[in-house]
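Here are the chains, one letter per residue:
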Amino acid sequence: MKDIQDAPRQEMIDIIARIAGADGDHQTSIPGLSIHRHSVAAKLNCAAYKPSVAIIVQGAKRVVLGEETLVYGASDYLLTSIDLPVLSQISLTSPEEPYLSMTFQIDPTRVPALLDTIGHGAAKSAGSPRGMAVSKLTPDLEDTALRLLRLLDRPHDVPVLLPLIEQELLYRLLLGPHGAKLRQMATTESQPHQIGRAVSWLKEHYSRPLRIEDLASRVSMSVSSLHHHFKAITAMSPLQYQKQLRLQEARRLMLEERLDAGNAGHKVGYESQSQFSREYARHFGEPPLRDVGRVRRNLIGRTAGEAEMLSEG
């Protein structure tokens with residue numbers, strides 16, 4: 001019986017291991033689907049998670065959101081309902097049994113039509129309002145994810161079957177323990193949807209000075225309501241969220257565009273070099289020069305940034 005139950009996950013392992021022949025984060029031919037393979041554990045790395053479902057089929061990972069840590073492993077999934085800057089780390093892997101996972105981006109614009117079909121009350125009630133949560137993979141969701149992976153070997157089926165599988169995947173997530181997170185993000189009058197608008201503005205204007213009063217006005221919320229709901233959903237205040245965006249972008253600029261620390265800090269909105277260095281070291285564990293030097297030394301034969309600027313998964 002156990003072999004029958006493990007068969008879907010083993011098939012997922014086989015598909016991902018075959019297609020992701022080398023370590024790294026691999027975009028596939030299917031829009032929105034990426035697969036991930038890592039055989040060596042690394043330090044915490046910065047990552048930008050978009051609305052998505054990430055399923056681990058082998059190994060384990062931990063994600064640091066604000067001051068919270070989420071750990072998930074084989075047969076778990078991570079649901080992200082809003083753009084979140086995080087730190088992530090592969091915590092269980094080996095060359096013999098590498099970390100393997102898949103990530104599928106969620107298109108929030110597809111949720112309202114599905115809710116109209118199944119009913120807004122079908123999505124389970126929200127527990128925590130947090131925009132990220134870990135759950136056990138159900139057989140139904142696992143079956144849907146496996147059929148999505150199988151499309152990688154059947155490109156002629158993608159135009160017809162991908163929209164159907166994507167709709168089923170959203171349906172399974174909506175009926176899951178955290179389905180209300182997706183429902184609320186798609187409901188325009190809800191606070192999560194307003195926080196989503198605030199997040200979008202911060203992402204576009206992260207280098208500008210932030211006045212909380214202006215941001216609250218933009219999303220039609222009071223300052224106190226913005227603070228309360230923003231932290232409840234992202235585990236950060238708006239200022240902390242902006243700081244993480246700035247630091248992650250500065251790190252990318254130093255790694256990929258070879259800017260020095262002073263220019264990178266200035267470009268993302270820091271007027272004080274010493275403040276930038278302090279906050280960078282506090283966030284990444286090392287001052288900019290030492291951190292970037294370590295990353296470059298570790299990127300043997302790889303494009304700068306690919307190994308450490310991880311996407312979700």
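Before any of the text, the structure's been laid out above.
Residues numbered from 1 in each chain as written. Predicted model: local features only at pLDDT ≥ 70, side-chain atom pairs only at ≥ 80, totals over all residues. Heavy atoms only, no water.

(A) Focus on unusual backbone geometry. Notably, Ala235 is not glycine yet its phi reads approximately 70°, a positive angle. Considering the arrangement of structural elements, one finds Ala235 in the loop between helix 8 (223-234) and helix 9 (238-256). A residue is classified by how much of its surface remains accessible, and Ala235, at 12% relative accessible area, is buried. Here the phi dihedral of Arg258 falls at roughly 60°; this positive angle occurs in a residue that is not glycine. Counting through the fold element by element, Arg258 comes out in the loop between helix 9 and helix 10 (261-267). (Helix = DSSP H or I, 4+ residues; strand = E, 2+ residues; numbered from the N terminus. Buried < 20%, exposed > 50% of the residue type's maximum accessible area, 1.4 Å probe, protein only.)

(B) Layout of the sheet that holds strand 3 (residues 45-49). Spatially, 3-8-5-6 is the arrangement adopted by the four strands of the open sheet, whose pairing is antiparallel. Pairing within the sheet leaves two strands with one partner each, and these edge strands are strand 3 and strand 6 (68-73). Here the strands of the sheet are splayed against their neighbours by 35° on average, with no regard to which way each runs. As judged from the five bridges shared by strand 3 and strand 8 (residues 84-92), these two strands associate in the antiparallel manner. (Pairing = 2+ DSSP bridges. Axes fitted to C-alpha atoms, helices over the stretch in contact; angles between N-to-C directions.)

(C) Expanded view of the environment of Leu115. On the secondary structure map, Leu115 appears in helix 2 (residues 111-118). By relative accessible area, Leu115 is classed as buried at 1%.

(D) Main features of the packing of aromatic side chains. By the definition in use, this model includes four aromatic pairs. When the centroid spacing of 5.3 Å and the interplanar angle of 55° are considered together, the rings of Tyr270 and Phe276 count as tilted. This pair shows no difference in class: Tyr270 is buried, exactly as Phe276 is. Grouped by ring-pair contacts, the aromatic residues Tyr270, Phe276, Tyr280 and Phe284 constitute a single cluster. Lying over the aromatic face of Tyr270, Arg246 brings its terminal NZ or CZ to 5.7 Å of the ring centre. The ring of Phe284 carries the charged tip of Arg251 above its face, separated from the ring centre by 4.7 Å. (Phe/Tyr/Trp six-rings, centres within 6.5 Å; stacked < 30°, edge-to-face > 60°. Lys NZ or Arg CZ within 6 Å of the ring centre and 35° of its normal.)

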